Amino acid sequence: MRIAIALSLLLLGVLPAGAQGWKAGVAKVAITPAEPMWMAGFAARTHASEGKLHDLWAKALAIQDADGKQAVLITTDLLGFPKAMSDTIRAKLNDRYKLSKAQIILNSSHTHSGPVLGAALSDIYPLNEGDQKKIDQYSAKLIDRIVNLTGDALKALQPATIDTRNGVTRFQVNRRNNDAATLERLTEITGPGDPAVPVLKVSDAKGKIIAIAFGYACHPTVLDGYQWSGDYPGWAQIELEKLYPGATALFFQGAGADQNPLPRHTVPLAIQYGKTLAAAVERVLSEEMKPLAPRLSTAYNEVSLSLTTAPTREQLSAMAEKATGFQQRWARRMIAQIDAKKPFQTSYPFPLQVWKLGDQAIMTLGGELVVDYAINLKKIFGQDTFVMGYSNDVMTYIPSTTILREGGYEGEVAAIVYGLPATWASDVEIEILNGMVQLAKEAGVVKPESRVIKN
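Residues numbered from 1 in each chain as written. Predicted model: local features only at pLDDT ≥ 70, side-chain atom pairs only at ≥ 80, totals over all residues. Heavy atoms only, no water.

Under an unreviewed UniProt entry, the name given to the chain is Neutral/alkaline non-lysosomal ceramidase N-terminal domain-containing protein, and the organism recorded is Dyadobacter sp. 676.

Next up, the structure:
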C-alpha cells in the first residue's frame, strides 16, 4: 500500500526523484546604460537620465530535468520588452541553444527607472534622432547580452534541488479603488489584490542556495526621478544577495498592472518595500519548502486578441487639435498612417505560456496584466500557482472584462500610451483564460480536484 502511494505521489511530481535529478545554472550581467538616456515609464519626464542609485541587471536561471529537457527563466530590471526585441532574442536563443519559445520565459520587473527600449512607447517621449540612435544602439547590445547570459547559465548547469512555496506581504494597493492622495486618512484598503510571494529555491548538491527566484504583483513605481534603479524589486534582490552570499536573486513581476506601492516617491520608501519583500522571501526560505520532482514540461501559444474599431480621420483630427503631449503625437501618427493608406491592425498575437516543474505550475502572460487574471487562474488551478505578467511581450495593459467596461487608464488610455490604434474588444478576458486552460492541459497541469491518488 505505501509503495503504491509513494509511486503515485512520484508520478504526480510531489516527491523528489533523487537529489541529482535536476540540474541548474545561474548567471547575471549588469545592463546599466553607460551614458545618459531617456528613461521608460513616465511621460512627465523632460530629459535623459542622471546617474544611478544601483545597477540594473539581467539574470538567467537555467534548469534541466532528469530526462535532459531544459528551460531558462530570464529576469530583467526593465520596463518591458517590445515584441520585435523579444522575438529577436528568442529566435537567437533557438538558433544557438535549440530553445523553443515554450522553454524561455523573458520577464521584466517593469521598473520605471530603466531605459527606453527599441520603438516601444514612442509617442510618450519627445525623442530626437540622437536620442533614438542611443536607444537603438543600447537595445542591440542588450539583445546580445541576454543571449550570451543564457549561454553562461546553461554552461553553469550542475546537480541541484528545487523547492517551492508561496510567501505573503501586503504593501501593494489597488490604485483603481484607493485614492493615493487620501491614503493616509483611509482606514480600509479596498479592491482586489494578490499578496502572494512565490518563491523557488535552487540549491546545489551540498545544499547551498545558488539561486532564489521570487515574484510579487505590484508596480515598481516608487521612484519617478532621473537615476537608474530597479526600484523596490532591485533593493529586494540586493538584500537577498546580502542575506545569502553566493546566491543570485531573480525577481519576476506578477499581475501587478493595477497595483501600486503606496505611499511612494522617495528612495527610503523604495528601500523599505524592497526589504519588506526580501523579508517575506527569507521567511519562506527559513521554513519547510516543497521539493519538486525533476520533471519539466513546457507549453506556449499565441492567441489572436481582437481590437475595437479605430477612430476615424475626423475623430483623430479633432483630437490632434485639442490634445497635447503624447495624445496629440499619437493622433497625428494615426492620421499619417491613414493618409499613407496603411491599414490599422485589428488583432494582436498575445503570448501565453505554462511551465510545470514537478507539480508546480508556472503561468506566464504578456502585457501589463491586471490582478484579476492571477485571481481567476488561481481559482481554476489552485492558490499555489505562480502567475507572471510582463512576460515575452509587453504591448499594453491587459484589462479584465470589468475594467474594460469601467474604462479609465487601464481600460482605455493605455492603448494610446502604447501606440495601439484601438482598445481591446470585450472578449479578451474570456479568450485569454480559455487559452490558458487549453495550454495547461498541454503542459500536464491538472486542476486541484483532478489530483486523485489511487492505491
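Draft legend 1. Just the overall build of the chain, in detail. If you tally the helices and strands in the chain, you get 11 helices and 17 strands. Whereas a compact globule of 455 residues would reach a radius of gyration of roughly 23 Å, the chain reaches 22 Å, a difference of no more than 12%. Overall, the C-alpha framework of the chain stretches about 75 × 55 × 45 Å when taken along its three principal axes. A buried classification covers 56% of the 455 residues belonging to the chain. Restricting to contacts in the chain with at least 6 residues of sequence separation, those with at least 24 account for 80%. (Helix = DSSP H or I, 4+ residues; strand = E, 2+ residues; numbered from the N terminus. Rg over C-alpha atoms; globule rule 2.2 N^0.38 Å. Buried < 20%, exposed > 50% of the residue type's maximum accessible area, 1.4 Å probe, protein only. Contact = heavy atoms within 4.5 Å.)

Draft legend 2. The arrangement of unusual backbone geometry in detail. That bond from L262 to P263 is cis: its omega, -5°, falls within 30 degrees of zero. Along the polypeptide, P263 turns up in the loop between β10 (259–261) and α5 (267–286). Positive phi values are uncommon outside glycine, yet H110 reaches one of about 75°. Along the polypeptide, H110 turns up in the loop between β4 (104–108) and α3 (129–155). Its relative accessible area of 1% is what places H110 among the buried residues. At Y390, a residue that is not glycine, the phi angle is positive and equals roughly 55°. Tracing the chain through its elements places Y390 in the loop between β16 (386–388) and β17 (397–398).

Draft legend 3. Region of the structure containing helix α7 (residues 325–339). With 15 residues, α7 should cover 21 Å at 1.5 Å per step; its first-to-last C-alpha distance of 21 Å lies within 8% of that length. Within α7 the residues assigned to the buried category are F326, Q328, W330, A331, M334 and I335. Where α7 terminates, the next one or two residues include K341, which has phi positive at roughly 60°. (Expected span 1.5 Å × (residues − 1).)

Draft legend 4. Quick look at the pairing of strand β8 (residues 209–216). Within β8, eight of the eight residues are buried, which leaves it mostly tucked inside the rest of the structure. In the sheet, strand β7 (residues 196–204) pairs with β8 via five bridges, with the strands oriented antiparallel. Bridge pairing links S203 to I209 in β8. The turn joining β7 and β8, which pair antiparallel and follow one another in sequence, is formed by four residues; a positive phi near 90° is taken by G207. Note on the crossover from β8 through helix α4 (residues 231–243) to strand β9 (residues 248–253): the handedness is right-handed. (Pairing = 2+ DSSP bridges. Right-handed = clockwise from strand over helix to strand, strands pointing away.)

Draft legend 5. Layout of α5. Across its 20 residues, α5 extends 28 Å between first and last C-alpha, which sits within 8% of the 28 Å expected from 1.5 Å per residue. Looking at α5, one finds that the buried residues are L269, A270, Y273, G274, L277, A278, A280, V281, V284 and L285. With a side-chain oxygen lying 3.2 Å from the backbone nitrogen of L269, the N-terminal cap of α5 falls on T266. (Polar contact = N/O pair within 3.5 Å; in protein donor to acceptor, adjacent residues only side chain to side chain.)

Draft legend 6. Looking closely at the UniProt feature "domain: Neutral/alkaline non-lysosomal ceramidase N-terminal" (unreviewed entry) in the chain. The UniProt record marks residues 23–244 with the feature "domain: Neutral/alkaline non-lysosomal ceramidase N-terminal" (unreviewed entry), using the residue numbering of this structure. Summarising residues 23–244: 25% helix, 27% strand, and an end-to-end C-alpha distance of 20 Å. (UniProt positions renumbered as here; feature names shortened; annotations may be inferred.)

Draft legend 7. Up close: the sheet that holds strand β14 (residues 360–365). Read across the sheet, four strands follow the order β12-β13-β14-β16 without closing on themselves; strand pairing throughout is mixed. The outermost strands of the open sheet, each flanked by one partner alone, are β12 (296–306) and β16. On average, adjacent strands in this sheet sit at an angle of 15° to one another, irrespective of strand direction. Sheet analysis places strand β13 (residues 347–357) next to β14, joined by six bridges and oriented antiparallel. (Axes fitted to C-alpha atoms, helices over the stretch in contact; angles between N-to-C directions.)

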